[in-house]
Amino acid sequence: MTMKVALYCRVSTSTKEQTTENQRLELESYCDRMNYEIVKIYEDEVSGAKSREKRPAYNQMCKDAFLKKFDAIIGWDVSRFGRSMKEFVSFLSDMDDKGIGVIAVKNGLDTVSSSGRMMMKLIGVLEEWNREMLIERTNAGLARTVANGTKLGRKRITNDTMTAQIIELRNSRKSIRAIASEVGVSTATVQRELKKVA
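Just so it is clear, the structure is predicted and the values come from calculations on it, not from any experiment.

Draft legend 1. Broad picture of the environment of Asp110. Tracing the chain through its elements places Asp110 in strand 5 (residues 109–110). Taking the C-alpha atoms as reference, Asp110 lies 8.9 Å from Ile74; in sequence the two are 36 residues apart. Residues in contact with Asp110, not counting those within four places in the same chain, are Val102, Ile103, Gly116 and Arg117. Of note is the side chain of Asp110, whose polar atom sits 2.9 Å from the backbone nitrogen of Val112.

Put into structure tokens, the structure is as follows:
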């Protein structure tokens, strides 16, 4: 039985000379060699930094995948599917949940095959490890910063003198806006300081 596939091509809008045509021709040639039936071609000319919702063809392709309109999605490179490893792993997981294979021709990734599914799991494990390492490094850095005596968080906008001035001006029936203007802070800061002493 011939596998029904969708092609996904994307180029960035940062350079006007780029078109999806080269990717499409390569993917069509690949499908001919593999004897795959192309049911639809999705093409975006938008930066990969944009979210899924801002990539209309990608968004429609994901919806069609959930409706099982094809068996696999074929793209030229893994970078075409997601702007980050986390997004790509999420995409792979979503497609795997729906039984849709993902093939990235340039990278040799093919989740339709057993070795490709193993590679997908390995990518997921590496992404999870990377996330955990990032959290560990962040927490270690924060602990070192605190140990060195640095205070964490935002710097205080007001000092005790300013707070006293805010309270005095409010007691003399000045408006929040007038107090903010006189003290040189925002109205939100005035309200926050007044709430502390209320």
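Draft legend 2. Spatial organisation of the packing of aromatic side chains. Considering all chains together, one arrives at 7 aromatic pairs under this definition. Aromatic pair Phe81 and Phe91: ring centres 5.0 Å apart, planes at 15°, arrangement stacked. With Phe81 in the loop between strand 3 (72–75) and helix 3 (85–97) and Phe91 in helix 3, the pair connects residues that are 10 residues apart, well separated along the chain. By relative accessible area, Phe81 is classed as buried at 0%. Its relative accessible area of 3% is what places Phe91 among the buried residues. Counting every residue linked through ring pairs, the aromatic cluster contains Tyr8, Tyr58, Phe81, Phe88 and Phe91. Arg55 extends its terminal NZ or CZ atom over the ring of Tyr58, reaching a point 4.3 Å from the ring centre.

What counts as what
Counting from 1, residues in each chain are numbered in the order their sequence is written. Where local features are concerned, this predicted model is filtered to residues with pLDDT of at least 70; where side-chain atom pairs are given and counted, the filter is 80 or more; whole-chain, interface and lining totals use all residues. Think of the side-chain values as coming from all heavy atoms in the structure, minus any hydrogens and water. For helices the rule is a DSSP run of H or I covering at least 4 residues; for strands it is a run of E covering at least 2, with both sets numbered from the N terminus onward. When checking whether two residues touch, look at their non-hydrogen atoms; a contact exists if any pair is within 4.5 Å. Between N or O atoms, a polar contact is any pair within 3.5 Å; within protein, one atom must be a potential hydrogen donor and the other a potential acceptor, and residues adjacent in sequence are included only when both atoms are from side chains. Only centres within 6.5 Å qualify two rings of Phe, Tyr or Trp (six-membered ring in Trp) as a pair; their planes then separate them into stacked at under 30 degrees, edge-to-face at over 60, and tilted for everything else. Whether a residue is buried, partly exposed or exposed follows from its accessible area with a 1.4 Å probe, protein chains only, as a fraction of its type maximum: under 20%, in between, or over 50%, in that order. Counting as a charge over the ring demands two things of the Lys NZ or Arg CZ atom: a distance within 6 Å of the ring centre and an angle within 35 degrees of the ring normal.

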